[in-house]
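Each chain, written out:
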Amino acid sequence: MTAPTLPALRPLTLGPHQVWPPVVLAPMAGITNVGFRRLCREQGGGIYVCEMITTRALVERNPKTLRMIAFGAEEQPRSLQLYGTDPEITAAAVRIVVERDLADHIDLNFGCPVPKVTRRGGGSALPWRRRLFARLVKAAVDAASSAGVPVTVKMRKGIDDDHLTYVEAGLAAQDAGVAAVALHGRTAAQRYSGTADWDAIATLKQALDVPVLGNGDIWEAEDALRMVAHTGVDGVVIGRGCLGRPWLFADLEAAFNGRVGRRLPTLGEVAVTMRRHAELLVDQFVAGARNPARGERDGCTDFRKHVAWYLKGFPIGSELRRSLAMIDSLAQLDDLLGKLDPTVPFPVETLGQPRGRTNSPGKVFLPDGWLASRDDDTPPDGAELDDSGG
């Protein structure tokens, strides 16, 4: 690949933390657990964020949520994303994180576009209520400041093209004292369809003094370099692009260090990575289970969703694919992986192609009267979710 001309890049500064390369793994429900984060960290540096934690569930000491706030000994800084809609509950949740030393960095979710969130006024709908947004971010920053824990926000351009909020919200977050702002260059109405608007990311970068991170349509390491060159951002956020391709973080580290090239693993090398991923998930689930056999089964079940992503584009029969996506044990996985031809080259036609969710744009469901008043700072009724992870 031919590397674009980049602005002078420095490590990403988040409070006391210096991050190089300036790469962030986006929290993804059911994906970015301890096992997956460790697998990615073994490939390259950056910040690896755990699955989304809801403020209400944390304040209420929900057992599932408390189990989800788990980090490996090697994870530094420990990064946690919170979803909340009420400034007081958010502040209480942040105080728990600080007092119990649960994380070193807190990200606030204002980017979720799913109907069950936006119809209650949360996620990507909330920045439209600008006073509420500013109050909530300020409450989180103030609650974290005593321990020096940096707070960042991740958001979208707005609800739709007629209701854009990203520049105003970015400035409000900066005024509240956040360490950085990340922007996914799509509106809530776009969901994961179409093309991410990198020009909007460039506009936000020009408007803010704090670091800005860009998110959207980074499928390869050269996409990250192109985004930096196009927008001037201080770092990138990686979501769907790493699904079934944790070695993307090795490519990103090489690219940000000026080395040209990418990993194109053979099917045999992909099988080794799949086995490592499943092993890490089993270790995670066994550690939390009373019955080791049940833990292995649960870890293998959790791995199943990743099979199609790992094998995308490889010439593998449907029966073997189906069997791999139904494993119950590591021994079963080993047997099936042994049936693959390890010499098959990586399917280069899949490079640069979208992965994961690629749904269509759609209507954004909002609470009644949500758009009528931008200055209403009352927390939306019933928007505090009690289940973490998405």
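Whatever comes next refers back to the structure up there.
Residues numbered from 1 in each chain as written. Predicted model: local features only at pLDDT ≥ 70, side-chain atom pairs only at ≥ 80, totals over all residues. Heavy atoms only, no water.

### Description of the pairing of strand E7 (residues 105-110)
Argument step 1. Among the six residues that make up E7, six are buried, leaving the element largely enclosed by the rest of the structure.
Argument step 2. The two faces of E7 match: His105, Asp107 and Asn109 on one face and Ile106, Leu108 and Phe110 on the other face are all buried.
Argument step 3. Relative to E7, strand E6 (residues 79-83) runs parallel, the two being bridged by four bridges. Its bridge partner lying in E7, Gln81 is registered against Asp107.
Argument step 4. Handedness of the E6-helix H4 (residues 87-99)-E7 crossover: right-handed.
Argument step 5. The pairing of E7 with strand E8 (residues 151-156) spans five bridges and is classified as parallel. Bridge pairing in E8 links Leu108 to Val153. (Buried < 20%, exposed > 50% of the residue type's maximum accessible area, 1.4 Å probe, protein only. Helix = DSSP H or I, 4+ residues; strand = E, 2+ residues; numbered from the N terminus. Pairing = 2+ DSSP bridges. Right-handed = clockwise from strand over helix to strand, strands pointing away.)

### Points about the packing of aromatic side chains
Argument step 1. Throughout the structure, instances matching the rule amount to six aromatic pairs.
Argument step 2. Between Phe314 and Phe346 the ring centres are 5.8 Å apart and the planes differ by 90°, which places this aromatic pair in the edge-to-face class. Here Phe346 lies in the segment after helix H15 (330-337) and Phe314 lies in the loop between helix H13 (307-310) and helix H14 (318-324), a separation of 32 residues in the sequence. Across the pair, Phe346 and Phe314 agree in class, each one buried.
Argument step 3. Put simply, the rings of Trp247, Phe314 and Phe346 pair up and form one aromatic cluster.
Argument step 4. The ring of Trp370 carries the charged tip of Arg129 above its face, separated from the ring centre by 4.1 Å.
Argument step 5. Here the basic side chain of Arg156 rests over the ring of Tyr192, its NZ or CZ set 5.0 Å away from the ring centre. (Phe/Tyr/Trp six-rings, centres within 6.5 Å; stacked < 30°, edge-to-face > 60°. Lys NZ or Arg CZ within 6 Å of the ring centre and 35° of its normal.)

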